[in-house]
Amino acid sequence: MTSENPSLRPWRDIERRQSRQIMVGDVPVGGDAPITVQTMTNTPTSDAGATIDQIRRCEDAGVDIIRVSCPDVESTSALKQIVRASRVPIVADIHFHYKRGIEAAEAGAACLRINPGNIGSSARVKEVVDAAKSNGCAIRIGVNAGSLEKDLLEKYGEPCPEALVESALDHIKILQDHDFHEFKVAVKASDVFLAVAAYSQLADAVDCPLHLGITEAGGLIGGTVKSSIGMGNLLWAGIGDTIRVSLSAEPEEEVRVGYEMLKALGLRTRGVRVVSCPSCARQGFDVIRTVQTLEERLQHIRTPLSLSVLGCVVNGPGEARETDIGITGGGKGKHMVYLSGVTDHHVEDGDMVDHIVKLVEAKAAEIEAAEDQVEAAE
Ligand code: SF4
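The shown structure was predicted, so the numbers you read here are calculated from the model rather than taken from an experiment.

1. Notes on the sheet that holds strand 3 (residues 36-40)
Part 1 of the argument: Pairing within the open sheet is parallel, and its 8 strands lie in the order 8-7-6-5-4-3-10-9. Of all strands in the sheet, those bounded by a partner on one side alone are strand 8 (183-188) and strand 9 (211-212).
Part 2 of the argument: Bridging between strand 5 (residues 90-93) and strand 6 (residues 111-113) involves 3 bridges; their strand directions are parallel. Note on strand 6: the bridge partner recorded for Val91 is Cys111.
Part 3 of the argument: Sitting on the sheet, helix 9 (residues 251-264) touches strand 3 and strand 10 (242-244), and the angle it makes with strand 3 is about 160°.

Shown next, in the form of structure tokens:
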């Protein structure tokens, strides 16, 4: 295989749960739509400039949908400007203050993250739902093990999958009673066992799209591992229509990790998929530093393609056969370059990184041109 086209190998197939599709702005979520990658800004929303700058960085990393907190009226006031500047749909994160929900819907949010059971009377819920309806706004119900309703905690004694699912079903019923159906649901927990069990049960109980997340997962490394185990498990079972990796790291890192997760499962393709070895005494060049530099310098590539970077001939030729571009370390500072899986030419140590960047850019341009031709012919 020398391209990132979806493989037809049956042992790689993930059969996705059939969910109903909703729209978050112009982005479809659920059904057969690609699984979307979300993140959340951490700038004060009232500082529209800083928030827009952060959104730009996330857009460059490939974010599909972005959430911003709206804790106060200054935030919902800034939201209009943020929505206008953003190239991706904005989800307004609302807790308790139903008025912020109405203001956010009116400011152009594509979705409200709000739990209808937490905003008071039926009249208030109706006002928020009406604002969502009249502004073409979806709703995301976000159940979280850390903030389960008191009555459910009393009933179940502790956060458990059944409690999370019951909470979700209660919120869903409120929206359905108001004849509102453009919603997606999350049942997040920081415990992977709890989150996986809750999402699995919910997936059987409802047909709406599911927003996956392992909440408060931790820092970049620990949180990535935890999220990959929890969300990876669910995604592998076909559950999940949109994902947010929650890390104590910059939002663009969350986007990158989200993509890597989906790429590893063949559920999305974007940018360069790097296959590289851990390096050892046999390496013909400094594999670790080379891969670090290449990952940084190739971040701008959006076209899906693969690159193998291996320190020596033990596994280099084998991996290169399966990737679009391959480099295998050789002796005396001279390394073999493979194109489309076939040995092509040598490159010297000092020129290697620049050379690979150029090759990847050229390959991306070639793939894009071929895709444009196919599109033009259709
Ligand atoms: S490919 Fe070569 S350099 Fe890399 S880890 Fe394997 S044996 Fe070591």
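2. A look at the UniProt feature "domain: IspG C-terminal" (unreviewed entry) in the protein
Part 1 of the argument: In the UniProt entry, the feature "domain: IspG C-terminal" (unreviewed entry) is given for residues 274-361.
Part 2 of the argument: For residues 274-361, helix accounts for 31% and strand for 30%, while the C-alpha atoms at its two ends are 14 Å apart.

3. Notes on the pairing of strand 7 (residues 138-144)
Part 1 of the argument: The buried fraction of strand 7 amounts to 7 of the 7 residues, a majority that puts the element mostly inside the structure.
Part 2 of the argument: The two faces of strand 7 match: Ala138, Arg140, Gly142 and Asn144 on one face and Ile139, Ile141 and Val143 on the other face are all buried.
Part 3 of the argument: Once you follow strand 6 into helix 4 (residues 122-134) and on to strand 7, the crossover reads as right-handed.
Part 4 of the argument: In this sheet, strand 8 lies alongside strand 7 in parallel orientation, the contact comprising 6 bridges. The partner of Gly142 across the bridge, within strand 8, is Ala186.

Conventions used here
Residues numbered from 1 in each chain as written. Predicted model: local features only at pLDDT ≥ 70, side-chain atom pairs only at ≥ 80, totals over all residues. Heavy atoms only, no water. Pairing = 2+ DSSP bridges. Helix = DSSP H or I, 4+ residues; strand = E, 2+ residues; numbered from the N terminus. Contact = heavy atoms within 4.5 Å. Axes fitted to C-alpha atoms, helices over the stretch in contact; angles between N-to-C directions. UniProt positions renumbered as here; feature names shortened; annotations may be inferred. Buried < 20%, exposed > 50% of the residue type's maximum accessible area, 1.4 Å probe, protein only. Right-handed = clockwise from strand over helix to strand, strands pointing away.

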